[in-house]
Structure formats: structure tokens, C-alpha cells
Amino acid sequence: GTGKTLAFTIPIIEKLIEMDAAASEHEEHEEDEEEDFGRRGGRRYSRGGRGRRNRKPRALVLAPTRELALQVETEIKESAPFYRSVCVYGGAPIFK
């Protein structure tokens, strides 16, 4: 291809990376505050959908065709293998 798919997937990946960095800084700050008050060992689930129990979609790409949806998923998986992606489309058996 000519990079059209990357033209809109790269900004999505960049934004997710920025969000992760900001969340990391926020969590470090919270941990420092907890240590100052002597509270340790509390079980917390991460925010932003990264925790095992609290997963939420952080980006949504809508494509007009199944083929384009699959192409977008492939590009995202190749460009950012550290993120999980799922391609969902209609018109096919569920257990394919």
C-alpha cells in the first residue's frame, strides 16, 4: 500500500502511548503519597483499561469493509505489538 492505513493508525498509537505515560506518572505520584501516609500493600487495579478486571476499549476504528478492517488490524498489530487489538465484523460465523 501507499501508507494510507498508517496515516491514521500512527496518531492513534501515539495518543495511546501518551496516555500510558501520563497514567504511569500519575500512578507513581499516588504510590509516593501512599508511602508518605504509611499505607502499603493495598490492592489496586490500574486505570485506563489496562487492569485484568477493568479492560475497556481505548480506541475504536470503524471501517466500511471487512477487508479494510482486517488490514487496519494487521497494521496496528505490526506497528504496535505491545497493544492488544481485536477485529470485529459481521457476516461471518462466530467460531471462524
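Procedures and definitions
- All chains use their own residue numbering, which begins from 1 and follows the written sequence.
- Residues qualify for local features only when their pLDDT is at least 70, as the model is predicted, and side-chain atom pairs are given and counted only at 80 or more; totals for whole chains, interfaces and linings, by contrast, use all residues.
- Side-chain numbers here rest on the full set of heavy atoms in the structure, without hydrogens or water.
- Helix numbers and strand numbers start at the N terminus; a helix is a DSSP run of H or I with at least 4 residues, a strand a run of E with at least 2.
- Here's how the labels work: a residue is buried when its accessible area is under 20% of the maximum for its type, exposed when over 50%, partly exposed in between, all with a 1.4 Å probe on protein chains only.
- In this analysis, two residues are considered to be in contact whenever any of their non-hydrogen atoms come within 4.5 Å of each other.
- Exposure was quantified through the Shrake-Rupley algorithm and a 1.4 Å probe, taking into account, for residues, occlusion by the shown protein chains and nothing else.
- Every helix has an expected span of 1.5 Å times one less than the residues it contains.
- The arc in question is the one spanned by the directions pointing from the helix axis to the C-beta atoms.
- We count a salt bridge whenever a side-chain nitrogen from Lys or Arg sits within 4 Å of a carboxyl oxygen from Asp or Glu.

Q: Just give me the short version of the overall build of the chain, but keep the residues and values in it.
A: For the chain, the helix and strand inventory stands at two helices and zero strands. The 96 residues of the chain split such that 17% are buried. Long-range contacts, defined here as pairs at least 24 residues apart, represent 51% of the contacts in the chain between residues at least 6 apart. Only carbon and sulfur atoms are counted for the fraction: they give 54% of the accessible area of the chain, which is about 8,100 Å².

Q: Just give me the short version of helix α2 (residues 66-79), but keep the residues and values in it.
A: Between its first and last C-alpha atoms α2 spans 20 Å; for 14 residues at 1.5 Å apiece the expected length is 20 Å, and the two agree. Burial in α2 covers these residues: Ala-69, Val-72, Glu-73 and Ile-76. Projected down its long axis, α2 carries its buried residues within an arc of 100 degrees, all on one side. Opposite the buried face of α2, by more than 90 degrees, sit the exposed residues Glu-67 and Glu-78.

Q: Residue-level account of the pattern of salt bridges, with values.
A: All told, the structure shown has two salt bridges when counted by the stated rule. Across the pair Arg-58 and Asp-20 runs a salt bridge, and its minimum N-O distance is 2.8 Å. Here Asp-20 lies in helix α1 (residues 4-36) and Arg-58 lies in the loop between α1 and α2, a separation of 38 residues in the sequence. Residue Asp-20 is classed as buried on the basis of its relative accessible area, which comes to 16%. The partner of Glu-73 in a salt bridge is Lys-77, with the nearest N and O atoms 3.3 Å apart. Placement of the pair is Glu-73 and Lys-77 together in helix α2, with a separation of four residues, close to one helical turn.

Q: Quick rundown of the side chain of Thr-5? Include the residues and the values.
A: Inspection of the secondary structure assignment puts Thr-5 in helix α1. Residue classification places Thr-5 among the buried positions, given a relative accessible area of 8%. Discounting chain neighbours no more than four positions away, the residues touching Thr-5 are Gln-71, Val-72 and Glu-75.

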